[in-house]
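Letter by letter, the chains look like this.
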Amino acid sequence: MPQPLTKRVVAEALGTFFLLAAVVGSGIMAERLANGNTALALLANTAATGAALIALIISFAPLSGAHFNPVVTLSFALRHDLVWSDVLVYMLAQLAGGIAGVMAANLMFGLPVVFLSQHPRTGMAQLFSEFIATFGLVSVILAASRSTVAVVAVAVGMYISAAYWFTASTSFANPAVTVARCLSDTFAGIRPSDVSGFVLAQFAGGIAATILFRWLMPAQLDKPRQ
């Protein structure tokens, strides 16, 4: 049965908190241990992020659906799998949880709680990468959604792990993640001035995938699931 909105919102915030703590914390640890080997640092960051995603989706899906991503929330609403009145609350929870997760990661490694990233991520190649990364993420979620939660979790974790390597942007694919990561000038950071372009590309990719899968795999449109 659907959980009360309050519980679902807390679950979204908590899950996104741990996701960003894993992304940024593992990036800091990887950079410190890799002795300048960027490929090795990215590999470690990838493994930690993919593993965290699998664990968090399995854990929080029964509570909130384990979106952890405003684009996923919007996609579910467009498919009538989430009522529109819940969308903004979910997104705010994801953003707040993500920011708190980055702040926690900074503190865990003895860094300032917030220090804006100077890592440039700009240009059409980066933006197109974010479009493709998010298009693929939403496609994987929707295609796997008729299977079990465990299957969805593994599919998402493995896809993001792969997309870290096949996209030029290292696959942020999540507006909440993007905004939060600008608050840490570390391996996983993004310059604040580059955030808006990433977010627009991510929403465009997610909406495009939702439209495609509305035709490929029509949802039950008679009533929302939540």
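Residues numbered from 1 in each chain as written. Predicted model: local features only at pLDDT ≥ 70, side-chain atom pairs only at ≥ 80, totals over all residues. Heavy atoms only, no water.

K.L.:
With reference to specific residues and values, describe the side chain of Thr186.
P.N.:
Looking at the element boundaries, Thr186 is found in the loop between α7 (175-181) and α8 (192-216). Among the residues examined, Thr186 registers a relative accessible area of 11% and is labelled buried. Apart from the residues within four sequence positions on either side, Thr186 is in contact with Val24, Ile28, Glu31, Leu111, Phe115 and His119. (Helix = DSSP H or I, 4+ residues; strand = E, 2+ residues; numbered from the N terminus. Buried < 20%, exposed > 50% of the residue type's maximum accessible area, 1.4 Å probe, protein only. Contact = heavy atoms within 4.5 Å.)

K.L.:
Account for helix α2 (residues 38-64), naming residues and giving values.
P.N.:
Where α2 bends most, at Ile58, the angle is about 35°, and the proline Pro62 comes one to four residues later. Residue Asn37 occupies the N-cap position of α2, its side-chain oxygen lying 3.2 Å from the main-chain nitrogen of Ala39. A positive phi of about 95° marks Gly65, the residue just after α2. (Bend = angle between axes of the 7 residues up to and from the residue. Polar contact = N/O pair within 3.5 Å; in protein donor to acceptor, adjacent residues only side chain to side chain.)

K.L.:
Describe the packing of aromatic side chains, listing the residues and the values that go with them.
P.N.:
As enumerated under the stated definition, the model contains five aromatic pairs in all. Residues Phe17 and Phe18 carry aromatic rings whose centres are separated by 5.1 Å and whose planes lie at 85° to one another, so their mutual orientation is edge-to-face. What makes Phe18 partly exposed here is its relative accessible area of 41%. Considering the side-chain rings of Phe172 and Phe198, the 5.2 Å spacing of their centres and the 75° angle between planes classify their relative orientation as edge-to-face. Pair noted here: Phe172 is in the loop between α6 (149-166) and α7 and Phe198 is in helix α8, with a separation of 26 residues, a long-range link. Accessibility classification places Phe172 together with Phe198 in one group, the buried group. Arg181 extends its terminal NZ or CZ atom over the ring of Phe172, reaching a point 3.6 Å from the ring centre. (Phe/Tyr/Trp six-rings, centres within 6.5 Å; stacked < 30°, edge-to-face > 60°. Lys NZ or Arg CZ within 6 Å of the ring centre and 35° of its normal.)

K.L.:
Residue-level account of the pattern of salt bridges, with values.
P.N.:
All told, the structure shown has two salt bridges when counted by the stated rule. For Arg8, the salt bridge identified is with Asp86, shortest N-O distance 3.0 Å. Note that Arg8 is positioned in helix α1 (residues 5-33) and Asp86 in the loop between α3 (70-78) and α4 (87-108), a separation of 78 residues in sequence. We note that Arg8, like Asp86, is buried. (Salt bridge = Lys/Arg side-chain N within 4 Å of Asp/Glu carboxyl O.)

K.L.:
Now, about α3: what can you tell me, with residues and values included?
P.N.:
The element α3 is extensively covered by neighbouring structure, given that eight of its nine residues are classed as buried. Of all the positions in α3, only Pro70, Val71, Val72, Thr73, Leu74, Ser75, Phe76 and Ala77 are classed as buried. If you follow the buried residues of α3, they end up packed against α4, α5 (124-144), α7 and α8. Backbone nitrogen of Val71 and a side-chain oxygen of the N-cap are separated by 2.9 Å at the start of α3; the cap is Asn69.

K.L.:
Please give an account of unusual backbone geometry that cites residues and values.
P.N.:
Residue Phe68 is not a glycine yet carries a positive backbone phi of 55°. Mapped onto the elements, Phe68 comes out in the loop between α2 and α3. According to the relative accessible area criterion, Phe68 is buried, its value standing at 1%.

K.L.:
How would you sum up the nonpolar core? Please name residues and give values.
P.N.:
Leu19, Val156 and Ile160 are the most contacted members of the largest nonpolar core, which has 59 residues in total. Contributions of two or more residues to this core are made by α1, α2, α3, α4, α5, α6, α7 and α8. Here Val156 is in contact with Leu53, Ile57, Leu137, Val140 and Ile141, once residues within four sequence places are set aside. (Core = buried A, V, L, I, M, F, W, Y, C linked by side-chain atoms within 4.5 Å.)

K.L.:
Any details on the packing of α5 against α8? Residues and values, ideally.
P.N.:
As a packed pair, α5 and α8 sit with axes 7 Å apart at the nearest point and diverge in direction by 35°. Every pair of crossing elements has a handedness; the one defined by α5 and α8 is right-handed. Contacts between α5 and α8 pair Gln126, Leu127, Glu130, Phe131, Thr134, Phe135, Val138, Ser139, Leu142 and Ala143 from the former with Gly197, Phe198, Ala201, Gln202, Ala204, Gly205, Gly206, Ala208, Ala209, Thr210, Leu212 and Phe213 from the latter. Considered class by class, the residues forming the contact of α5 with α8 number 13 nonpolar, eight polar and one charged. (Axes fitted to C-alpha atoms, helices over the stretch in contact; angles between N-to-C directions. Left-handed = near helix turned anticlockwise from the far one by under 90°. Nonpolar A, V, L, I, M, F, W, Y, C, P; charged D, E, K, R; others polar.)

K.L.:
Pulling in residues and values, what's your account of the environment of Leu19?
P.N.:
Take Leu19: it is sitting in helix α1. Contacts of Leu19, omitting those with residues within four sequence positions, involve Leu53, Leu56, Phe68, Asn174 and Val177.

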